[in-house]
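Fold and contact review
Here are the chains, one letter per residue:
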Amino acid sequence: MEPFTNDRLQLPRNMIENSMFEEEPDVVDLAKEPCLHPLEPDEVEYEPRGSRLLVRGLGEHEMDEDEEDYESSAKLLGMSFMNRSSGLRNSATGYRQSPDGACSVPSARTMVVCAFVVVVAVSVIMVIYLLPRCTFTKEGCHKKNQSIELIQPLAANGKLFPWTQIRLPTNIVPLRYELNLHPNLTSMTFRASVTISVQALQDTWNIILHSAVQNISRVTFMSAVSSQEKQVEIMQHPRHEQIAIFAPEALLAGHNYTLKMEYSSNISSSYRGFYGFSYTDESNEKKYFAATQFEPLAARSAFPCFDEPAFKATFIIRIIRDEQYTALSNMPKKSSVPLEDGLVKDEFFESVKMSTYLVAFIVGEMKNLSQDVNGTLVSIYTVPEKVGQAHHALETAVKLLEFYQNYFEIQYPLKKLDLVAIPDSKAGAMENWGLVTFREETLLCDDNTSSVADRKLMTKIIAHELAHQWFGNLVTMRWWNDIWLNEGFATFMEYFSLEKIFKELSTYEDFLDAQFKIMKKDSLSSSRPLSTSAQTSGQIGEMFNALSYIKGASLLLMLKTFLSEDVFQHAIVLYLHNHSYGSIQSDDLWDSFNQVTNQTLDVKKMMETWTLQKGFPLVTVQRKGKELFVQQERFFLNMKPGSQPSDASYLWHIPLSYVTDRGNYSEYPSVSLLDKKAGVINLTEEVGWVKVNINMNGYYIVHYADDDWEALIKQLQRNPHVLSDKDRANLINNIFELAGLGKVPLQRAFDLINYLGNETHTAPITEALFHTGLIYNLLEKLGHMDLASRLMARVFKLLQNQIKQQTWTDEGTPSMRELRSVLLRFACTYKQENCCTAAMKLFDDWMASNGTQSLPTDVMTTVFKVGAKTEKGWSFLLKKYNSIDSEAEKNKILEALATSEDVQKLYWLMKTSLDGDIIETPKLYFIIRTVGRHFPGHLLAWDFVKENWNKLVKKLHVQSYIMQSIVAESTYLFSTKAHLSEVQAFFENQPEANELRYVQEVLEVIQLNIHWMEKNLKSLTWWL
Ligand SMILES: [Zn+2]
């Protein structure tokens, strides 16, 4: 999945700490039923607070959102829950029950007898009532069943639900689903039935599966032997979105059974599950559309199912629709049968074996462009009026499909591959097998308004989603803790494939930028290991953040560089072949690598230092004669200068590569592995300078001794092109990050970028502008306007020649065009006169032509932003926004509208987008990002988020990617203690959010801004 794309590289990274699998004993309080605990004093431990008795060892329990359920059911059993802090438990040891306790005890003998009888009785009742029935069968239970907790959650009807865990039992597996749906797009409801063929792996009496559908009216059960449908009872447990079906007979291991459920539900309006919306077409007519977005946990809201990725099955889908609509699903259409009242029933072929989150169906008015690729029909579907914008996507998808089939040495297994542009959707794109969905701007391309950046984004996202057809769809992670195997691989393949077949797009520049940004977030203490336990829906939702994508891809790039491209390809081909249609975890990937390396290198051991530890290393390099002394520690932004990091035990196996003034890049292919805290590299000769981490193929930051930094700075000034543009960008990134850490003076970072006047490439300039822009923004928001202007004057002076050379056209290579876009945007944003005059002239001409005159696409946003500064220009742009059908142009207009200096306009934009009628709600993130960055809107954005929090959460879901981004973008420029306290206080009152990692992350970012200012403000004032 591509969660959000307007600026997917700047999304926050956040995760829940791995704390779910503590092997701590459970603690149950029996004090509320005094006569039920007549234990000998020696058998109990007394907890001082609240005078509660503790009985240990009743099984593993995880503190999570289920506690409420557990608690209520525990009360039923005459129990209540305790504070579970292990510290408390430890402190409780040694306490003993007071002899004059709550029970009035006639004599010691009676007490012992009473104790024995009651304990035995309670134990027997609990065992009989609560253990799964398979416990008493010859075959016994699957291991997971045996660990079933003794304390049960309550079902919706008030009875005890027979399953306690968030994960489903593994005693029943689904084989095939037959899903019949009849949606009514105007009433936003649907009627449906699902028939599930299942197989019992162990004997059992009930079937537990997921369901979040609204009205289940009838459930029947049939065994393969009797072939007789029997109506059965179900029990619902809404909190876990589970239902239990009680079979009329024991389900026996190895036998197949069929469940059939009839139900109805609402079509969702919140962009997940089976969701619907209306839009207006080119003739202003209201139209309806429905689509699905199931990943990660929403298939269950469209049909009862075993909604975990490892429960793969096949699917037959039938949809009843009005005749003007097209219905699409994962598989090609098998038949279309006209029914009464203008309805048509479409049936799709049975699918390949796949996970529920990949199931998809769409109903709406659509047209398509198609092309056959060796027996697979590739189609781009859009609403009818936009099919003319689909050519570029079709061409791209065809090339990429051919590339992947060759590279993976596995044919794409379906007869069709549809890519559909959805008029209103929250996810950037979703890789449903055979039916990939996109936001319109990530699939459609309008020749007159799509910039080179728009085309790159579209190409990358198609590449990402098609890579998922293998990584994710064919081979799937067993559980969401390993989502990086899906997303890291798809992201890696996205850049890798584009380097191979669309080299001219220079997408490596975007990847570098993404790596720099993710490392910034990965150096916070609120970061998480790449592979992290995730159980609740909040934790699973948070796994879909930039860390899984970009860090995952960066580690694969590092491994590919270390092992060589051939070895890497062999290993992943082997991995895909070995696990096709199966479910895997990280170890399966490393095993394939170890098989190919023939155990000469333990890839698993090496890579686990990267996937199981959070953060990344700082490699410090010191050159002495021909020797290079290297050492590693964790790069940790909260580290105080000169002090050791708190977690000194961190150790990575780092592939170190380097280049020096004595050789060119091709002479340094080999790398050495630093798997200890420190090591020495022999350079064989004395050199003038050394640059470690060639082309930033490794996921680490490098710090040099003073002399070595000086030598590099001098080399850049003398001739920067001796180093690659990736290395120049890497040096700029590393020195500014180290300055943030206090390892180098900020002034030295500015010394390094003094060479920028001779810079010709996009990546180093973008990186320098990112860091200087951030400093400018922090200064400006604190009111240090003079200092901020001096800073920008300095940067402008460095880049003035390059800015002067730019023309207001779309000429040149993609990289040159992006550089032009970056430089002119910079010049106009900081109000450079020539830039603003030229942009205003273009805007006036464009407005005079009523928006018909074409503008150069790469500078269109800059032109609109300058034009939006006037009242007339702003209103004209808004009118235009409502009448055009190019999403690329709409986004450019929206960005310009959101840079207005009129707070009323800004408020109106945010409000209108939240309402979702004129501006789609998913674009709100984009608006808030722009509003929050500029001065008048800076505080307004956060105020808006606070005021509308409940509405935002209802519409966008608190853990979603888009909410993570909205919170981060509206707070990341705060740098005062007052703001820190305010944000903190706000989230303390939002219990559903306060637990989430991204909230911890934004608080940490504000703290770091405060520290940064305290550390650097004085020296900036002094030398700027
Ligand atoms: Zn993805």
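Within any chain, residue numbers begin from 1 and follow the written order of that chain's sequence. Reporting in this predicted model follows two pLDDT cut-offs: at least 70 for local features of residues, and 80 or more for side-chain atom pairs to be given and counted; totals over whole chains, interfaces and linings ignore these cut-offs and use all residues. Heavy atoms from the whole structure form the basis of all side-chain values; hydrogens and water molecules are not counted.

1. A short note on the overall build of the protein chain
Labels follow the DSSP assignment, with helices taken as runs of H or I lasting at least four residues and strands as runs of E lasting at least two, numbered in each case from the N terminus. Broken down by element type, the protein chain carries 31 helices and 34 strands. Within the protein chain, the fraction of its 1024 residues that count as buried is 61%. Total accessible area on the protein chain is roughly 39000 Å²; 51% of this is exposed by carbon and sulfur atoms. Residue exposure (1.4 Å probe, protein chains only): buried if accessible area is under 20% of the type maximum, exposed if over 50%, otherwise partly exposed. The protein chains shown are the only cover counted for residues, whose accessible areas, like all others here, come from Shrake-Rupley with a 1.4 Å probe.

2. Considering the environment of Gln236
The residue Gln236 is located in strand 10 (residues 234–237) in this model. The spatial distance from the C-alpha of Gln236 to the C-alpha of Gly158 is 9.8 Å, given a sequence separation of 78 residues. Contacts are assigned to residue pairs with any non-hydrogen atoms lying within 4.5 Å of each other. Contact partners of Gln236, with chain neighbours within four places excluded, come to Ala155, Ala156, Phe161, Ile216, Gln242 and Ile243.

3. With respect to the UniProt feature "binding site: Zn(2+)" (unreviewed entry) in the protein chain
When the UniProt feature table is mapped to this numbering, "binding site: Zn(2+)" (unreviewed entry) covers His464, His468 and Glu487. In terms of the greatest pairwise C-alpha distance, the residues named above, spread along 24 residues, form a tight cluster of at most 8.6 Å across. Considering the arrangement of structural elements, one finds His468 in helix 6 (residues 452–468). Among the residues examined, His468 registers a relative accessible area of 0% and is labelled buried. Residue position: Glu487 is located in helix 7 (residues 483–501). In this structure the side chain of Glu487 is engaged in a polar contact, spanning 2.9 Å, whose partner is the side chain of His468. UniProt positions are given in the numbering used here, feature names are shortened, and annotations may be inferred rather than shown by experiment. Two N or O atoms count as a polar contact when they lie within 3.5 Å, although within protein this holds only if one can serve as hydrogen donor and the other as acceptor, and sequence-adjacent residues are included solely when both atoms are side-chain atoms.

4. Focus: the packing of aromatic side chains
Aromatic ring pairs: the centre-centre distance and the angle between the two ring planes describe each pair. Note on aromatic contacts: the rings of Phe and Tyr and the six-membered ring of Trp form a pair at centre separations within 6.5 Å, being stacked when their planes are under 30 degrees apart, edge-to-face when over 60 apart, and tilted otherwise. Counted according to the given criterion, the structure contains 59 aromatic pairs. Measuring from ring centre to ring centre gives 5.1 Å for Phe274 and Phe361, while their planes differ by 75°; the resulting arrangement is edge-to-face. You can see Phe274 sitting in strand 13 (residues 273–280) and its partner Phe361 sitting in strand 19 (residues 361–364), a full 87 residues away along the chain. Judged by its relative accessible area of 0%, Phe361 is buried. Geometrically, the ring pair formed by Phe616 and Phe635 is stacked, given 5.4 Å between the ring centres and 15° between the ring planes.

5. With respect to the sheet that holds strand 23 (residues 429–430)
Read from one edge of the open sheet, five strands run 20-21-22-24-23, paired in mixed fashion. In the strand order of this sheet, the two ends are held by strand 20 (367–373) and strand 23, each with one partner. Lines are fitted to the C-alpha atoms to define the axes, a helix being fitted only along its stretch in contact, and any angle between axes, read from their N-to-C directions, falls within 0 to 180 degrees. Its contacts with the sheet place helix 5 (residues 391–408) against strand 20, strand 21 (376–382) and strand 22 (416–422), and it is angled at close to 30° to strand 20. Docked against the sheet, helix 6 engages strand 22, strand 23 and strand 24 (435–439), running at close to 150° with respect to strand 24. Paired strands are those between which DSSP finds at least two bridges.

6. Regarding the environment of Ser355
Relative to the helices and strands, Ser355 resides in the loop between strand 18 (343–348) and strand 19. Using a relative accessible area of 0% as the deciding quantity, one classes Ser355 as buried. As for Ser355 and Phe306, which are separated by 49 residues in sequence, their C-alpha atoms are 9.1 Å apart. Every residue in contact with Ser355, bar those within four places of it in the chain, is listed here: Pro309, Lys312 and Thr476.

7. Examining the state of the cysteines
Two cysteine sulfur atoms form a disulfide, by the criterion used here, when they sit within 2.5 Å. Per the stated rule, a full pass over the model turns up one disulfide. In this model, Cys828 is linked to Cys835 through a disulfide, with the two sulfur atoms separated by 2.1 Å. Sign of the S-S torsion, about -105° for the bond between Cys828 and Cys835, identifies this disulfide as left-handed. This pair shows no difference in class: Cys828 is buried, exactly as Cys835 is. Looking at the unpaired Cys836, the closest cysteine sulfur is the one in Cys828, lying at 4.4 Å.

8. Some words on the pattern of salt bridges
In what follows, salt bridge is the name for a side-chain nitrogen of Lys or Arg lying within 4 Å of a carboxyl oxygen of Asp or Glu. Inspection of the entire model under this criterion finds 59 salt bridges. Here Lys333 ties to Asp346 by a salt bridge, and the two come within 3.7 Å at their closest N and O atoms. Linking Lys333 in strand 17 (residues 333–338) with Asp346 in strand 18, this pair joins segments that are 13 residues apart in sequence. According to the relative accessible area criterion, Lys333 is partly exposed, its value standing at 36%. The buried category is assigned to Asp346, whose relative accessible area is 0%. A salt bridge links Glu969 to Arg933; the nearest nitrogen and oxygen atoms lie 3.6 Å apart.

9. Quick look at the pairing of strand 11 (residues 242–251)
Strand direction decides the pairing type here: strand 7 (residues 204–210) and strand 11, joined by six bridges, are antiparallel. Within strand 11, the position partnered with Thr204 by the bridge is Leu251. Here four bridges tie strand 10 to strand 11, and the two strands are oriented antiparallel to one another. When the bridges of strand 11 are listed, Ile234 appears paired with Ile245. Between strand 10 and strand 11, which follow one another and run antiparallel, lie four residues, and Glu241 among them has a positive phi close to 50°.

10. Some points on helix 14 (residues 706–718)
Over its 13 residues, helix 14 runs 18 Å from end to end, which matches the ideal 18 Å to within 8%, given 1.5 Å per residue. Three or more residues of helix 14 are buried, namely Asp708, Trp709, Ala711, Leu712, Ile713, Gln715 and Leu716. As for helix 14, its buried residues are in contact with strand 27 (617–624), strand 33 (690–692), strand 34 (701–704), helix 15 (725–741) and helix 16 (746–752). A helix is expected to reach a length of 1.5 Å times the quantity of its residues less one.

11. Considering the side chain of His938
Relative to the helices and strands, His938 resides in helix 26 (residues 938–947). Non-local contacts of His938, meaning those with residues more than four positions away in its chain, are made with Lys781, Val931, Gly932, Leu973 and Phe974.

12. Observations regarding the side chain of Thr772
By the secondary structure assignment, Thr772 is in helix 17 (residues 762–781). At 2.8 Å, the side chain of Thr772 forms a polar contact with the backbone oxygen of Ala768. Ignoring any residue separated from it by four or fewer positions in sequence, one finds Thr772 in contact with Phe736, Phe750, Ile753, Leu791, Met792 and Val795.

13. Describing the sheet that holds strand 12 (residues 256–266)
By definition, the strands of a sheet pair up through backbone hydrogen bonds, in either a parallel or an antiparallel sense. An order of 9-8-12-6-5-15-18-17 is seen for the eight strands of this open sheet, with the pairing classed as mixed. A single partner strand is all that each edge strand has here, and the edge strands are strand 9 (230–231) and strand 17. Looking at chain direction, strand 8 (residues 215–223) and strand 12 are connected through eight bridges and run antiparallel. The residue of strand 12 that forms the bridge with Met222 is Thr258.

14. Thoughts on the nonpolar core
In this description, a nonpolar core means a group of buried Ala, Val, Leu, Ile, Met, Phe, Trp, Tyr and Cys residues linked to one another through side-chain atoms lying within 4.5 Å. Ranked by size, the top nonpolar core spans 299 residues in total, and within it Phe303 and Trp949 carry the most contacts. Setting aside anything within four residues of it in sequence, one finds Trp949 in contact with Val958, Met963, Val967, Phe986, Phe987, Gln990, Glu992, Ala993 and Tyr998. Residues Phe289, Leu328, Ala360 and Leu435 belong to the second largest nonpolar core, which totals 15 residues.

15. Observations regarding the environment of Pro384
With respect to the helices and strands, Pro384 occurs in the loop between strand 21 and helix 5. A sequence separation of 103 residues divides Pro384 from Asp281, and the C-alpha atoms of the two residues are 8.9 Å apart. Sequence-distant contacts of Pro384, that is, excluding residues within four places in its chain, are made with Glu365, Met366 and Lys367.

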